[in-house]
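# Residue-level structure breakdown
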Amino acid sequence: MTFAARTISGSGFTPVTNSYATGTGATETAPAGATNVIIAVWGGGGGGGAGWNTGGAEPSPENGAGGGAGGYSETTVAITGGQTLLYTVGAGGAGGVGGNGSAGGASSASSGTKTITTMSDGAGGGGTRISQIGGAGGTATGGTTQNTVGTAGGIPNIPDGGAGTVGWNSLAYGSGGDGGFNTGGDGTAGDAGRVIFYYT
């Protein structure tokens with residue numbers, strides 16, 4: 001979707017922000033009059049692991065571990081209206097139902113008719129159930145301005161999912177899901193990643 005933005009004095013071009021929460025191999029076209037674009041990419045967060053009760057071979061009741069947050073990368077390149085870029089937005093991982101949470105999906109931005117270094121943001125890992133390990137934070141590559149690994153998920157005593165990485169314009173996406181409670185509750189899903197194109 002497109003957000004309203006102020007006009008830069010003397011440029012004659014009103015900045016345009018295109019923000020995507022879904023898309024696989026989708027095409028982004030630069031608007032007429034644009035000369036630069038900031039590309040911000042967040043990977044999807046991993047789901048939290050399920051909690052468990054006492055029983056069988058399981059240890060004493062424990063919360064599940066939190067899922068890891070997706071990585072973040074950012075780059076700025078010169079662009080001409082009508083040039084295209086490709087992007088994919090990673091989905092959030094599913095929360096664990098009686099087991100481990102699932103990893104999120106990777107996000108990316110890559111060349112269409114405009115050549116750029118491929119930006120790839122790995123997904124956050126899913127939180128575990130019994131082994132009590134928080135999901136790993138997603139990796140980040142290809143950004144010329146910033147590459148930040150996502151925050152790992154919390155261990156069962158503090159089963160919060162990894163917080164989404166703060167990026168362009170103080171926005172944060174791709175946080176990990178929380179671990180389930182020690183009553184045997186399910187983990188929660190991680191948040192989807194995001195790809196944003198900000199044209200000036």
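For the structure itself, look to the data block above.
All of the points below concern the structure found in this document. (Residues numbered from 1 in each chain as written. Predicted model: local features only at pLDDT ≥ 70, side-chain atom pairs only at ≥ 80, totals over all residues. Heavy atoms only, no water.)

Scanning the protein from terminus to terminus reveals zero helices and 13 strands. Taken from N to C terminus, the helices and strands of the protein fall in the order β-β-β-β-β-β-β-β-β-β-β-β-β. The principal-axis extents of the C-alpha atoms in the protein amount to approximately 70 × 30 × 25 Å. In the protein, which comprises 200 residues, the proportion classed as buried is 51%. Looking at the protein as shown, the accessible area adds up to about 8,200 Å², and 54% of this sits on carbon and sulfur atoms. Charge separation in the protein, taken as the distance between the mean sites of 4 positive and 9 negative side-chain charges, equals 15 Å. (Helix = DSSP H or I, 4+ residues; strand = E, 2+ residues; numbered from the N terminus. Buried < 20%, exposed > 50% of the residue type's maximum accessible area, 1.4 Å probe, protein only. Areas by Shrake-Rupley, 256 points an atom, 1.4 Å probe, with all protein chains shown as cover. Lys, Arg positive; Asp, Glu negative; His and termini not counted. Charge placed at Lys NZ, Arg CZ, Asp CG, Glu CD.)

A few words now on the nonpolar core. Val37, Ile39, Ile79, Tyr87, Phe197 and Tyr199 are the most contacted members of the largest nonpolar core, which totals 20 residues. Elements with a contribution of two residues or more to this core: strand S2 (16-20), strand S4 (36-42), strand S6 (84-88) and strand S13 (194-199). In contact with phenylalanine 197, other than residues within four places in its own chain, are Val16, Thr17, Asn18, Tyr20, Glu28, Val37, Ile38, Ile39, Leu85 and Tyr87. (Core = buried A, V, L, I, M, F, W, Y, C linked by side-chain atoms within 4.5 Å. Contact = heavy atoms within 4.5 Å.)

Moving on to the environment of leucine 171. Following the sequence through the fold, leucine 171 ends up in the loop between strand S11 (165-166) and strand S12 (172-173). Linking leucine 171 and alanine 40, residues 131 residues apart in sequence, is a C-alpha distance of 9.8 Å. Apart from the residues within four sequence positions on either side, leucine 171 is in contact with Trp42, Thr165, Val166 and Ile196.

The strand order across the open sheet formed by five strands is S3-S6-S7-S8-S9, and the pairing between neighbours is antiparallel. Every interior strand has two partners, whereas the edge strands, strand S3 (26-29) and strand S9 (140-141), have only one. Pairing of strand S8 (residues 119-121) with S9 involves two bridges; the strand directions are antiparallel. Looking at the pairing, aspartate 121 lines up with alanine 140 of S9. (Pairing = 2+ DSSP bridges.)

With respect to the helices and strands, the residue serine 175 is situated in the loop between S12 and S13. Here serine 175 falls in the buried class, since its relative accessible area comes to 18%. At 2.6 Å, the side chain of serine 175 and the side chain of aspartate 191 are in polar contact. Not counting chain neighbours up to four residues away, the residues in contact with serine 175 comprise Gly45, Ala69, Gly162, Ala163, Gly164, Gly190 and Asp191. (Polar contact = N/O pair within 3.5 Å; in protein donor to acceptor, adjacent residues only side chain to side chain.)

Let us look at the packing of aromatic side chains. Evaluated as defined, the whole model comprises seven aromatic pairs. Between the aromatic rings of tryptophan 42 and tyrosine 72, the centroid separation amounts to 4.6 Å while the plane-to-plane angle is 45°, which identifies the pairing as tilted. Of the two residues, tryptophan 42 is situated in strand S4 and tyrosine 72 in strand S5 (residues 72-78); the sequence distance between them amounts to 30 residues. Tryptophan 42 gets classed as buried once you look at its relative accessible area, which sits at 0%. Ring centres 5.0 Å apart and planes at 40° place the aromatic pair tryptophan 168 and tyrosine 198 in the tilted group. (Phe/Tyr/Trp six-rings, centres within 6.5 Å; stacked < 30°, edge-to-face > 60°.)

Here arginine 194 is to be found in strand S13. One buried charged side chain, arginine 194, makes no salt bridge at all; its nearest oppositely charged neighbour is aspartate 191, positioned 8.9 Å away. If we ignore the near neighbours within four places in the chain, the residues touching arginine 194 are Ser19, Tyr20, Ala21, Ala40, Val41, Trp42, Val89, Ser107 and Tyr173. (Salt bridge = Lys/Arg side-chain N within 4 Å of Asp/Glu carboxyl O.)

Moving on: the environment of valine 77. Mapped onto the fold, valine 77 is located in strand S5. Counting along the chain gives 121 residues from valine 77 to tyrosine 198, while the straight-line C-alpha distance between them is 11 Å. When near neighbours in sequence (up to four residues on either side) are disregarded, valine 77 contacts Thr35, Asn36, Val37, Ile39, Lys114 and Ile116.

The alternating pattern of S3 places Ala26 and Glu28 on a buried face, while none of Thr27 and Thr29, on the opposite face, is buried. In this structure, S3 lies alongside S6, joined through four bridges in antiparallel fashion. Paired with threonine 29 across the strands is threonine 84, a residue of S6.

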